[in-house]
Amino acid sequence: MSRFAHLLFSLFLLLSLAGCPDDDDDATGATDDDDTSVGDDDDATDDDDSGGDDDDSGDDDDSGDDDDSGPADGDGDGDPADTDCDDTDATLNTLDEDGDGETTCDDPADCDDNDANATNTDGDGDGITGCDGDCDDGNIDVFPGATATCDGVLDTNCDGALDDEEVDNDLDFQNECDGDCDDTDDTIYSNATELCDGIDNDCDTIVPADETDDDTDGQSECEGDCDDADINNFDGNAEVCDGADNDCDTVVPATEIDDDTDGQSECEGDCDDADVNNFDGNAEVCDGSDNDCAGGADFVTLDDDGGGELDSDTDGALDCADCDDADDDNFPGNAEVCDGNDNDCAGGADFVTLDDDGGGETDSDGDSSLDCADCADSDGDNFPGNTEVCDSADNDCDGLLGGDEIDDDTDGQTECDGDCDDTDLDNYDGNPEVCDGADNDCDLSADAGALGLDAICAGVDCDDIHDDDPSLLDAIYWIDPLTSGTPYEVFCDMSNDDGGWTLVANLDDADDPYFNGPSPYYSTDYVEAWESDSVRNATTFPSFSVDVNVTTKYRSWSEIDVDDVRIVYKNDGATFLCEGLDVVDTLDATFQVDPGRGNCAATCTTVTDNRFAAGATVAPFGLNCSDPNEDWYPTHTHAENARIGGLDSDIGCCVMNAYLGAMGDRGYSTSVFERTWAEYSTGAIHDDNIMLFVR
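Reading guide: rules and limits
Residues numbered from 1 in each chain as written. Predicted model: local features only at pLDDT ≥ 70, side-chain atom pairs only at ≥ 80, totals over all residues. Heavy atoms only, no water. Helix = DSSP H or I, 4+ residues; strand = E, 2+ residues; numbered from the N terminus. Buried < 20%, exposed > 50% of the residue type's maximum accessible area, 1.4 Å probe, protein only. Contact = heavy atoms within 4.5 Å. Areas by Shrake-Rupley, 256 points an atom, 1.4 Å probe, with all protein chains shown as cover. Disulfide = S-S within 2.5 Å. Core = buried A, V, L, I, M, F, W, Y, C linked by side-chain atoms within 4.5 Å. Salt bridge = Lys/Arg side-chain N within 4 Å of Asp/Glu carboxyl O. Pairing = 2+ DSSP bridges. pLDDT = per-residue confidence, 0-100. Polar contact = N/O pair within 3.5 Å; in protein donor to acceptor, adjacent residues only side chain to side chain.

Turning next to the overall build of the protein chain. Regarding its fold elements, the protein chain presents 4 helices and 13 strands. When burial is assessed residue by residue, the protein chain has 40% of its 695 residues classed as buried. Contacts spanning at least 24 positions in sequence make up 28% of the contacts within the protein chain whose residues lie at least 6 apart. Of the accessible surface of the protein chain, which amounts to about 33700 Å², a share of 49% is contributed by carbon and sulfur atoms.

What follows concerns the state of the cysteines. On inspection of all chains with the given rule, the structure shows 16 disulfides. One disulfide bridge connects C390 with C416, the sulfur atoms lying 1.6 Å from each other. Disulfide C390 to C416: torsion about the S-S bond roughly -80 degrees, handedness left-handed. With C390 in the loop between α1 (3-18) and α2 (462-468) and C416 in the loop between α1 and α2, the pair connects residues that are 26 residues apart, well separated along the chain.

We note that C442 has phi near 60 degrees; this positive angle belongs to a residue other than glycine. Residue position: C442 is located in the loop between α1 and α2. In the Ramachandran plot, D497 falls in the positive-phi region, its phi being about 50 degrees despite a non-glycine side chain. Within the fold, D497 resides in the loop between β2 (488-493) and β3 (501-507). We classify D497 as partly exposed; its relative accessible area is 33%.

Another aspect to go through is the nonpolar core. Within the largest apolar cluster, 36 residues are counted, with the highest numbers of intra-cluster contacts made by V565, I567, L581, L587, L623, I644 and L692. In terms of nonpolar packing, the next biggest core, distinct from the first, is built from 7 residues, F491, W501, L503 and F693 among them.

In this section: the pattern of salt bridges. The final tally for this structure, using the stated rule, is 4 salt bridges. Close ionic contact of D493 with R566 constitutes a salt bridge, the shortest N to O distance being 2.8 Å. Pair noted here: D493 is in strand β2 and R566 is in strand β4 (residues 565-569), with a separation of 73 residues, a long-range link. Residues D493 and R566 agree in their burial class; the two are buried. Residue R695 pairs with E579 through a salt bridge whose shortest N-O separation is 3.0 Å. Highlighted residues: R695 in the segment after β13 (690-694) and E579 in strand β5 (residues 574-579), separated in sequence by 116 residues. The class for R695 is buried, based on a relative accessible area of 11%. Taking relative accessible area as the criterion, E579 reaches 23% and is therefore assigned partly exposed. In the salt-bridge network here, residues are joined through shared partners; they are D493, D497 and R566.

Glancing now at the pairing of β4. Counting buried positions along β4 gives 5 out of 5 residues, so the element sits mostly inside the fold. Here β4 shows two buried faces, one formed by V565, I567 and Y569 and the other by R566 and V568. Relative to β5, β4 runs antiparallel, the two being bridged by 5 bridges. If you follow I567 over to β5, its bridge partner there is F576.

What follows is about the environment of L401. With respect to the helices, strands and loops of the structure, L401 is situated in the loop between α1 and α2. Along the backbone, L401 and V389 are 12 residues apart, and their C-alpha atoms lie at a distance of 9.1 Å. Beyond its immediate chain neighbours, meaning those up to four positions away, L401 contacts E388, S392, A393, D394 and I406.

Let us now look at the side chain of D75. Tracing the sequence through the fold places D75 in the loop between α1 and α2. Setting aside its immediate chain neighbours within four residues, D75 contacts D84, D86, D87, T88, D89, A90 and L92.

Next up on the list: the environment of T410. Checked against the element boundaries, T410 lands in the loop between α1 and α2. Separated by 15 residues in the primary sequence, T410 and L425 have C-alpha atoms spaced 6.4 Å apart.

For the protein chain, the average pLDDT comes to 75, and 71% of its residues sit at 70 or higher. Within the protein chain, the lowest mean pLDDT, 35, falls on strand β12 (residues 671-675), and the highest, 93, falls on α2. Ignoring residues within four places in sequence, the model shows residues 1-67, a span with pLDDT below 50, making 87 contacts including any to other chains. Segment residues 663-686 is flagged for pLDDT under 50; beyond a separation of four residues in sequence, or across chains, it makes 69 contacts in the model.

A separate point is the environment of N246. Structurally, N246 is set in the loop between α1 and α2. Given the relative accessible area of 1%, N246 is considered buried. Along the chain, N246 and N233 lie 13 residues apart, while their C-alpha atoms are 4.1 Å from each other. For N246, the residues in contact, after removing those within four places along its chain, are N232, N233, F234, N237, A238, E239, V240 and E256.

In this section: the side chain of D77. The topology assignment puts D77 in the loop between α1 and α2. D77 gets classed as buried once you look at its relative accessible area, which sits at 7%. One polar contact links the side chain of D77 to the main-chain amide nitrogen of D79, over a distance of 2.9 Å. The contacts of D77, once residues within four sequence positions are left out, are D84, D87, D89, A90, L92, N93, L95 and E97.

Right under this line is the structure:
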């Protein structure tokens, strides 16, 4: 039952015990139809409104009137005289108005016919009747003098007062029967919230530990005491240097905490509570710290220079521990290296290596390199940093021979031996040169001596081949003047007039197309002008043992730029040499130029001739020359007399010597083609074996 419901129920019982009178005089509690007559004895509503019935039958008539025929009721108590034991006393009758089975006429008489509980019968067997004072004769536990129990009965001893255990005296919605252990205090009842008052508020017979002042400092835990086992710690107390939370603010001051666990806090004198080695009274050591908290790192030693707790050489080691305060390569714990110093401060330069003879930090061979670094402790020519030389030794101690001492291409020769390209086994000193674009013989010239020897290594012309190897003899060589990729063979005169001459024509006087024939000059109309072979002139080319049977067949005439011209007359070995032309071009281009009257298309700087008479080479001389006097052939714009030649001073002003071909009908024979003439004044000399060289 809730505390509120219980309160309402208690109030209801109190009112019930006090009693409430009916509107009539019967004990039934039912409302009768009249309120004026005490003798109204029926329980039902009457049909009249004038007053009580006077008969004893209990029946009303139906006519609306009362009958007067029944027995008389002298005392007016509703019990007729014939049944009433004393019709003069209204309190004595047989009516049993409270319906408890007893009347006031019984013996023993009903002690209170208006109270059904007041009888002379012990209804509950408790030895006491209602008339004797049993206020609830239906409950054996309720009678005068009974002990109150928690049975829901509010007046167990019938004293007219509520049982204290059943009443919520402190109005906390719980009585003692419900578990209230103190019904005088509304903060105390079963399952109440514990308050910080030192009382058992929830009636569990236990006062919570936090409500007890265990350390008798005047404050319990619920009042703020954070340590109720220590009288020095409670809310509001002053902090002292004891490492405890004296004021209960959940914080122990940092100065009271021994952070470095050295047994001393800052408030106790620790000057560095982050270092277990520093506290008041500790011994000073060489570590750069104020170990004794005396005001500085003041350890001093006599080692080395007597330095204190400073690092003079900034090597990370304090002077008081460093064996060499001036050298940052030497300090305790450093690794020993090969430098002649006591790097680890262990008492000496004691680095040892197993290289070579396992020497230490001494220089056995006097090469300024310590044995521990020297790869050859007994050889002064081999030490780190030395320059490698070609001696098959590791001169610089890098574990390797010099690169030029190794035959990388396995051609049997190192760079030291003369191999100029040790990545290619085809190139080494003494190897024959081949035409591959490389310096096969290591003479510092690629393809030197091989140029022109085959189609793969064709030269530009014979002069190019001669420049590459001046020692070459007269022979057939390969050239490709235009670098067209289609080389061809030519005869090269490598011995006469400084060599390098390319044979471009082997002329037959019978029919020469080069000077006036149509282009191309190698058309079939003029093939007879080219000799398929030629008679070798042993005097002219003593080093060439076979007949010259190549004349370049047209290409060289049109592809080689000409600086010099050389004519060889094979029949008698005579020569004509024109050097230093002022126009450098191919022969076919030069001979297509209109030279102009009395001029040459290309003029020689010098002329050397051993065949013609003196005076035959008066300037101008050169290629494609024209007679100064063209009157006899005024309509022709080309040269009249000489293709290669010069002015003949013996003849006069107007005669050009034709050293290689002339044009016109000026005697001896007439032809539209050129002929080879001698000096004009001495008569014609026919020569059909002429070799024309250029360079």
